[in-house]
Amino acid sequence: MKMTFLGDIMLGVDQLEGYRNKNAYDFYPAVASIAEEFKTSDIVVANLETPVAGEKLQYTFEPYSFNSPIDLPMALKRAGVTMVTTANNHCLDRGTDGLIQTIRSLNKCNLDMIGTHAKREKSYVIKEINGIKIGLLAYTYGTNAFHNGYYLGKDQKYMVDLLQRQELSHPFMRKIWLSKRRPIRYMRAAAKRLHIGQFDKQVYERREKGRKEIQSFRNAVTECRNEGADYIVAFLHVGGQYNDGPTVYTRKICRLSRKFGVNAVIANHEHVVHGIDTMHMSDTSFCIYSLGNFWSSTGVTVEPYDKLVQYSVTVTIDLDKEKSGRVKAAYTFEIFCNRLNDNRRVVSEPLIDCITSCTDGDMKEKMIQDYIFLMNRICNTKGKTYPLQRRYEVKL
């Protein structure tokens, strides 16, 4: 059986407006390439980094706070996506009402989902395909609570699968971080210089208390295995923004995941492509630190333009079950590129197609150089030249 994993699905204001026709939306052209590229995959999973909470809660109208029409997951379903992960830092952009409405919307689209919950239930899903049981889980470092103000109460903790407490969950620390009073600003600046209280880090890279959350994650993996999962995939929303490589915490939590029994760790959130952990890879253990933005206008019509944010990597895992019952995996990947089509709309397409169809010599050369750079980053090599091809096999 075959699984394919896509990066972040983002929907900024320009994308929303670009695909609107009066009061209707058709996002299928933006992701139509999926239909052909992954038509042989049994499971196709994307990170849906936006609520789908209905127009009453306002569609996306400002940066860093999202809400998309149901037409978006409908387009993903039509293109061949079978499941989305919803445990990410934007899942509460429209509060718990928006989270619940998102689950209802995805159910209407017949899209499976993992990571958020409208009721108390298992954090994992098991799919059996061709005699192989696949366990899938999704967890996030936080929910942008410091920005959107939605902190889960004690009786709501089950709604989001978290790796630690929400950002700035301690009221006193939150007050210090967000205060605009001059004395407190001076105090923050001093603490930053002295590396005290994590004030030298971005909020989304802070480490919060998380012993209970990590134990819950570990228990879910164990229960998933005990329920018969042959191969377990964990989608982790961790890291920072636009870093050149994974943070120390990202490496740590990915390493812990495999120690807990996860076979494949698929990480997101950095919005740029990071490498595969080639040092600890086998036919039963795989990790990639960031898939990047599968569909987003960032790097195309929105800054930053110098971080290669317009690219993403898709990972495909082929599983085969031997007579002994042991499951073996083979891994391949493909690089995608967000670009403007002839109608000035952002679309996501295989990079090789973007390069071969490009008629602008300078732009074509830049994409080739970007491709070589990304290949070295993904494969953890330096200065190596890779032949241009559609899909690459990861050597074990």
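This one's a predicted model, so the numbers in the text were calculated from it and none came from an experiment.

The rules behind these values
- Residues numbered from 1 in each chain as written.
- Predicted model: local features only at pLDDT ≥ 70, side-chain atom pairs only at ≥ 80, totals over all residues.
- Heavy atoms only, no water.
- Helix = DSSP H or I, 4+ residues; strand = E, 2+ residues; numbered from the N terminus.
- Contact = heavy atoms within 4.5 Å.
- Areas by Shrake-Rupley, 256 points an atom, 1.4 Å probe, with all protein chains shown as cover.
- Lys, Arg positive; Asp, Glu negative; His and termini not counted.
- Charge placed at Lys NZ, Arg CZ, Asp CG, Glu CD.
- Axes fitted to C-alpha atoms, helices over the stretch in contact; angles between N-to-C directions.
- Parallel < 35°, antiparallel > 145°, perpendicular 65-115°, else oblique.
- Left-handed = near helix turned anticlockwise from the far one by under 90°.
- Patch = residues over 30% accessible without salt bridge, like charges linked within 9 Å, V, L, I, M, F, W, Y side chains within 5 Å.
- Salt bridge = Lys/Arg side-chain N within 4 Å of Asp/Glu carboxyl O.
- Buried < 20%, exposed > 50% of the residue type's maximum accessible area, 1.4 Å probe, protein only.
- Phe/Tyr/Trp six-rings, centres within 6.5 Å; stacked < 30°, edge-to-face > 60°.
- Lys NZ or Arg CZ within 6 Å of the ring centre and 35° of its normal.
- Nonpolar A, V, L, I, M, F, W, Y, C, P; charged D, E, K, R; others polar.
- Pairing = 2+ DSSP bridges.
- Right-handed = clockwise from strand over helix to strand, strands pointing away.
- 1 Å grid on protein atoms, 1.4 Å probe; cavity = no way out; pocket = protein on both sides within 12 Å on 5 of 7 lines; lining within 4 Å.
- Points joined across faces, edges and corners; volume = space filled by probe spheres on them.
- Arc of directions from axis to C-beta.

## A few points about the overall build of the protein chain
Then comes step 1: In terms of helices and strands, the protein chain carries twelve helices and 16 strands.
Then comes step 2: With the C-alpha coordinates of the protein chain rotated into their principal frame, the extents come out at 55 × 55 × 45 Å.
Then comes step 3: Once local pairs closer than 6 in sequence are excluded, the contacts in the protein chain between residues at least 24 apart make up 68%.
Then comes step 4: Counting only carbon and sulfur atoms, one obtains 49% of the accessible surface of the protein chain, whose full area is about 18300 Å².
Then comes step 5: Between the mean site of the 56 positive side-chain charges and the mean site of the 44 negative ones, the protein chain shows a separation of 8 Å.

## Description of the packing of helix H9 (residues 211-226) against helix H10 (residues 248-260)
Then comes step 1: The interhelical angle for the contact between H9 and H10, taken along N-to-C directions, is 40°, at an axis separation of 9 Å. Considering the angle they form, H9 stands oblique to H10. Handedness of the H9/H10 crossing: right-handed. Side by side, H9 and H10 meet where Ile214, Phe217, Arg218 and Val221 of the first sit next to Ile253, Ser257 and Phe260 of the second.

## Notes on a positive patch on the surface
Then comes step 1: There is a patch of like positive charges on the surface, built from Lys154, Lys157, Arg165, Lys209, Arg211 and Lys212.
Then comes step 2: On the basis of relative accessibility, which here comes to 62%, the residue Lys212 falls in the exposed class.

## Quick look at the packing of aromatic side chains
Then comes step 1: Going through the model one piece at a time under the given rule, you end up with 14 aromatic pairs.
Then comes step 2: Seen from their ring centres, Tyr25 and Phe27 are 5.7 Å apart, and the 10° between their planes marks the pair as stacked.
Then comes step 3: By relative accessible area, which is 1% here, Phe27 ends up buried.
Then comes step 4: A ring pair is formed by Tyr139 and Phe217, whose centres lie 4.7 Å apart and whose planes are at 50°; its orientation type is tilted. Highlighted residues: Tyr139 in strand E8 (residues 132-140) and Phe217 in helix H9, separated in sequence by 78 residues. Phe217 carries the same exposure label as Tyr139, and that label is buried.
Then comes step 5: Taken together through their ring pairs, the aromatic side chains of Tyr19, Tyr25, Phe27, Tyr59 and Trp295 make up a single cluster.
Then comes step 6: The ring centre of Tyr151 lies 4.1 Å from the NZ or CZ of Arg174, which sits over that ring.
Then comes step 7: A cation over an aromatic ring shows up here: Arg345 above the ring of Tyr19, its NZ or CZ 4.9 Å from the ring centre.

## A short note on the pattern of salt bridges
Then comes step 1: With the rule as written, the count across this model stands at 18 salt bridges.
Then comes step 2: Ionic pairing is found between Arg339 and Glu349, a salt bridge with its closest N-O pair at 2.9 Å. One end of the pair, Arg339, is in strand E14 (residues 327-340); the other, Glu349, is in strand E15 (residues 346-350), and ten residues separate them in sequence.
Then comes step 3: Looking at Arg339, the relative accessible area reads 27%, which means it is partly exposed.

## Some thoughts on the packing of helix H7 (residues 171-178) against helix H8 (residues 182-193)
Then comes step 1: One way to put it is that H7 packs onto H8 with a least axis distance of 8 Å and a crossing angle of 100°. When the axes of H7 and H8 are compared, the pair comes out roughly perpendicular. Touching Ile176, Trp177 and Leu178 of H7 are Ile184, Met187 and Arg188, all from H8.
Then comes step 2: Classifying every residue of the contact of H7 with H8 gives five nonpolar, no polar and one charged.

## Things to note about the pairing of strand E9 (residues 231-237)
Side-chain positions along a regular strand alternate between the two faces of the sheet.
Then comes step 1: Of all seven residues in E9, seven are buried, a share of seventy percent or more.
Then comes step 2: Of the two faces of E9, the one carrying Tyr231, Val233, Phe235 and His237 and the one carrying Ile232, Ala234 and Leu236 are both buried.
Then comes step 3: Here E8 runs beside E9; their pairing, made up of seven bridges, is parallel. Paired with Gly135 across the strands is Ile232, a residue of E9.
Then comes step 4: Here E9 runs beside strand E10 (residues 264-268); their pairing, made up of five bridges, is parallel. Looking at the pairing, Leu236 lines up with Ala267 of E10.
Then comes step 5: As for the winding sense of the linkage, the β-α-β connection from E9 through H10 to E10 is right-handed.

## Observations concerning the layout of surface pockets
Then comes step 1: Put simply, the largest pocket is a space of about 750 Å³.
Then comes step 2: Around the largest pocket, the lining is made up of 27 residues, and of these Lys157, Tyr158, Lys212, Glu213 and Ser216 lie nearest the centre.
Then comes step 3: Classifying every residue of the lining of the largest pocket gives eight nonpolar, six polar and 13 charged.
Then comes step 4: Reported here for the second largest pocket is a volume of approximately 620 Å³.
Then comes step 5: Secondary structure elements with two or more residues in the lining of the second largest pocket: helix H1 (13-18) and helix H6 (145-148).
Then comes step 6: At three residues, the largest contribution of residues to the lining of the second largest pocket is made by H1.

## Let's talk about helix H4 (residues 71-79)
Given 3.6 residues per helical turn, the α-helix brings residues three or four places apart onto the same face.
Then comes step 1: Three or more residues of H4 are buried, namely Leu72, Pro73, Ala75, Leu76 and Ala79. Taken end-on, H4 shows its buried residues confined to a sector of 155°, consistent with a single buried face.

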